[in-house]
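Results of the structural survey
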Amino acid sequence: MKLTEKYRKMLFGLYPPRSFANGNFHKISAFSNVGVVETNNGLVLFDISSRINGSKIFNSLREITNKPIKYIIFSHGHYDHCFGYDPLIEEIKEKGWEMPQVIAHENTVSRFEKYRMLDKYNNWVHDQQFGSVLGKNKQYNSAREILNPTIVLRGNESYSFKLGEYSFELYHDRGETDDHIWMFVPEEKVLFTGDFIISCFPNVGNPYKVQRYPKDWAYALDKMREKEPEYLIPGQGPLIEGKKKIEEVLIITAEVMHFVHDEVVKRLNEGKWFEQIYHEMLEIYPEKFNHEYLEQVYGCYRFAIHAVYRLYHGWYDTGNPTDLFPARKNEIANEFLKISDEKEYYIRAKDLYDENKLQLALHVLDVIFNASDMVNTEILLSAYELKIKILQQKEEKESSFIASNIFLNEVNKLKSKIVELQKRTSSD
Ligand SMILES: [Zn+2]
């Protein structure tokens, strides 16, 4: 993918701190955003970024204000929102300040339990999603140590409190996760959305992650709009200012979610299976969603289609009983090679590549890889090289950071397979 300066900044939160609304509100960025409200009785922090960004957040905060932190709110339990607490807590202990209240939804508490159970798996997932850019094995997601919530929102209950001259309204809605909280400060009409808004297409159908909630997400955005906010601190990206601009962003994001949801549901009711729904949906994406706040640089529309389908459908997604209890892929491929050998498959894949039918070429090449035990080494090597070329070309054109990483990870894997194969053949 071509990461323009604008999207590099947005994806990695490379913004200087920003103060607004009488200078009492601040946005600090380090991958995700931290919202700071400075009251005459201390600070409220909405999110505290990731473990690896804790010091960056702390240093930026202390360049702005020396007031003690009274409340920390977790917008949701993702690794980049509630693990950057170490330097904050160290300071509190050093200065003998009271520990802040930590507010989260009850599903954040169970999310942390789940993360502990799936510690290694989650690190693997994060390596897949970010590894080609951030490097591997960074323990991004570990919840073995957490900052324990002291105030827990249950079910759909909301929560409000006052600190100094400001009031804080907290609401729970499902969207990117089942544990999201968003916050509104009515005195200055400041909205803190967490990942309900990430300044690009919503990350609603992430291929590695559990179910997300497009329809609830859209309704949550409608509720936020009713507050008529003047400032919006998104989970990622720059501060959004002005009632009209914010309204536009909230409306277009809700609309795209209603659209993808309702169109998939319509096709489910027409008795269609995933393949048909997916390809039909690709044809009908409305022009108006090519909006600056819906750029498909992280999540994308193609993923969102999956999200809606999965929300209502089981895992049997083709309607073909052959796929109900399938044989192993290598056994199937071995049978294909008995009909026509690997050379024929390679030649066909190469022709498709030359015709720029990259996706079809990948499917044909996979017959060779799936039967790799049986195939001629020279053909296998050429097939690996061709797949690398195809994936690199797809990656160059890909807009989504997540999809792009999936392509790049496979390129790296195939390159080491080539080295391995060459070693093996030279020692034979
Ligand atoms: Zn998130």
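Residues numbered from 1 in each chain as written. Predicted model: local features only at pLDDT ≥ 70, side-chain atom pairs only at ≥ 80, totals over all residues.

**Comments concerning the overall build of the protein chain**
- A tally of regular secondary structure across the protein chain gives 14 helices and 13 strands.
- Radius of gyration (C-alpha) of the protein chain: 24 Å, near the 22 Å computed for a compact globule of 428 residues.
- By its C-alpha atoms, the protein chain is 80 × 55 × 40 Å across when sized along the principal axes.
- Buried positions account for 41% of the 428 residues belonging to the protein chain.
- Of the contacts formed within the protein chain by residues at least 6 apart in sequence, a portion of 70% connects residues at least 24 apart. (Helix = DSSP H or I, 4+ residues; strand = E, 2+ residues; numbered from the N terminus. Rg over C-alpha atoms; globule rule 2.2 N^0.38 Å. Buried ≥ 20, exposed ≤ 12 C-beta atoms within 10 Å, placed from the backbone. Contact = placed C-beta atoms within 7 Å.)

**Remarks on the sheet that holds strand β12 (residues 231-234)**
- Strand order in the open sheet made by the 6 strands is β8-β9-β10-β11-β12-β13, with mixed pairing throughout. Because the sheet does not close on itself, it has two edges, and the strands there are β8 (159-163) and β13 (240-241).
- As paired strands, β12 and β13 are joined by 2 bridges and run antiparallel to one another. Along β13, the bridge assignment pairs Leu232 with Ile240. (Pairing = 2+ DSSP bridges.)

**A word on the environment of Phe303**
- Of note, Phe303 is situated in helix α9 (residues 301-312).
- With 23 C-beta atoms packed within 10 Å, Phe303 lands in the buried category.
- Spatially, the C-alpha atoms of Phe303 and Gln211 are 12 Å apart, while their sequence positions differ by 92 residues.
- Beyond its immediate stretch of four places on either side in the chain, Phe303 contacts Val204, Gly205, Asn206 and Pro207.

**Thoughts on the domain arrangement of the protein chain**
- Assigned domains within the protein chain: domain 1 (5-257) and domain 2 (327-427).
- Computed over C-alpha atoms only, the centres of domain 1 and domain 2 are separated by 41 Å.
- With 6 residues, helix α5 (residues 119-134) is the single largest residue contributor to the side of domain 1 that touches domain 2. (Domains from an automatic or database assignment.)

**A few points about the sheet that holds strand β7 (residues 151-153)**
- Strand order in the open sheet formed by 7 strands is β1-β2-β3-β4-β5-β6-β7, and the pairing between neighbours is mixed. One side of each edge strand has no neighbouring strand; the edge strands of this open sheet are β1 (18-20) and β7. Each strand axis lies, on average, 20° off the axis of its neighbour in the sheet, ignoring direction.
- In this fold helix α2 (residues 54-64) packs onto β1, β2 (25-30) and β3 (32-39), with an angle of close to 155° to the strand it touches most, β2.
- Against the sheet, helix α4 (residues 106-117) contacts β6 (101-105) and β7, and its axis sits at roughly 85° relative to β6. (Axes fitted to C-alpha atoms, helices over the stretch in contact; angles between N-to-C directions.)

**Concerning the pairing of strand β11 (residues 190-194)**
- The buried fraction of β11 is high, at 5 of 5 residues.
- As consecutive antiparallel partners, strand β10 (residues 181-185) and β11 are separated by 4 residues, and within that stretch Lys189 has a phi angle of approximately 55°, a positive value.
- One ladder, built from 4 bridges, connects β11 with β12; its direction is parallel. Within β12, the position partnered with Gly194 by the bridge is Pro234.
- With respect to chirality, the unit in which β11 leads through helix α6 (residues 214-226) into the neighbouring parallel β12 is right-handed. (Right-handed = clockwise from strand over helix to strand, strands pointing away.)

**Points about the environment of Phe184**
- Assignment of secondary structure puts Phe184 in strand β10.
- Spatially, the C-alpha atom of Phe184 lies 23 Å from that of Phe201, the residues being 17 residues apart in sequence.
- Apart from residues lying up to four places away in sequence, Phe184 is in contact with Glu169, Leu191, Lys227 and Pro229.

**Describing helix α12 (residues 358-370)**
- In this model α12 runs 18 Å from its N-terminal to its C-terminal C-alpha over 13 residues, within 8% of the 18 Å that 1.5 Å per residue would give.
- Taken together, the buried positions of α12 are Ala361, Val364, Leu365, Val367 and Ile368. (Expected span 1.5 Å × (residues − 1).)

**Focus on the nonpolar core**
- Within the largest apolar cluster, 87 residues are counted, with the highest numbers of intra-cluster contacts made by Leu45, Ile73, Met183, Val260 and Ile305.
- Residue contributions to this core peak at 9 residues, all from helix α7 (residues 243-269).
- Those residues in contact with Ile73 that sit more than four places away from it in its chain are Leu45, Phe46, Ile103, Leu170, Ile181 and Met183.
- Of all hydrophobic cores here, the second largest spans 19 residues; its members include Tyr346, Ala349, Ile368 and Ala383. (Core = buried A, V, L, I, M, F, W, Y, C linked by C-beta atoms within 7 Å.)

**Looking at the packing of helix α13 (residues 377-397) against helix α14 (residues 401-427)**
- α14 packs onto α13 with a crossing angle of 160° between their chain directions and a minimal axis gap of 9 Å. Classified by the angle their axes make, α13 and α14 are roughly antiparallel. Relative to α14, the crossing made by α13 is left-handed. Facing Thr377, Leu380, Leu381, Tyr384, Lys387, Ile388, Leu391, Gln392, Lys394 and Glu395 of α13, the residues of α14 in contact are Ser404, Phe407, Leu408, Glu410, Val411, Leu414, Lys415, Lys417, Ile418, Leu421 and Thr425.
- Class assignment of the residues belonging to the contact of α13 with α14 gives a composition of 11 nonpolar, 4 polar and 6 charged. (Parallel < 35°, antiparallel > 145°, perpendicular 65-115°, else oblique. Left-handed = near helix turned anticlockwise from the far one by under 90°. Nonpolar A, V, L, I, M, F, W, Y, C, P; charged D, E, K, R; others polar.)

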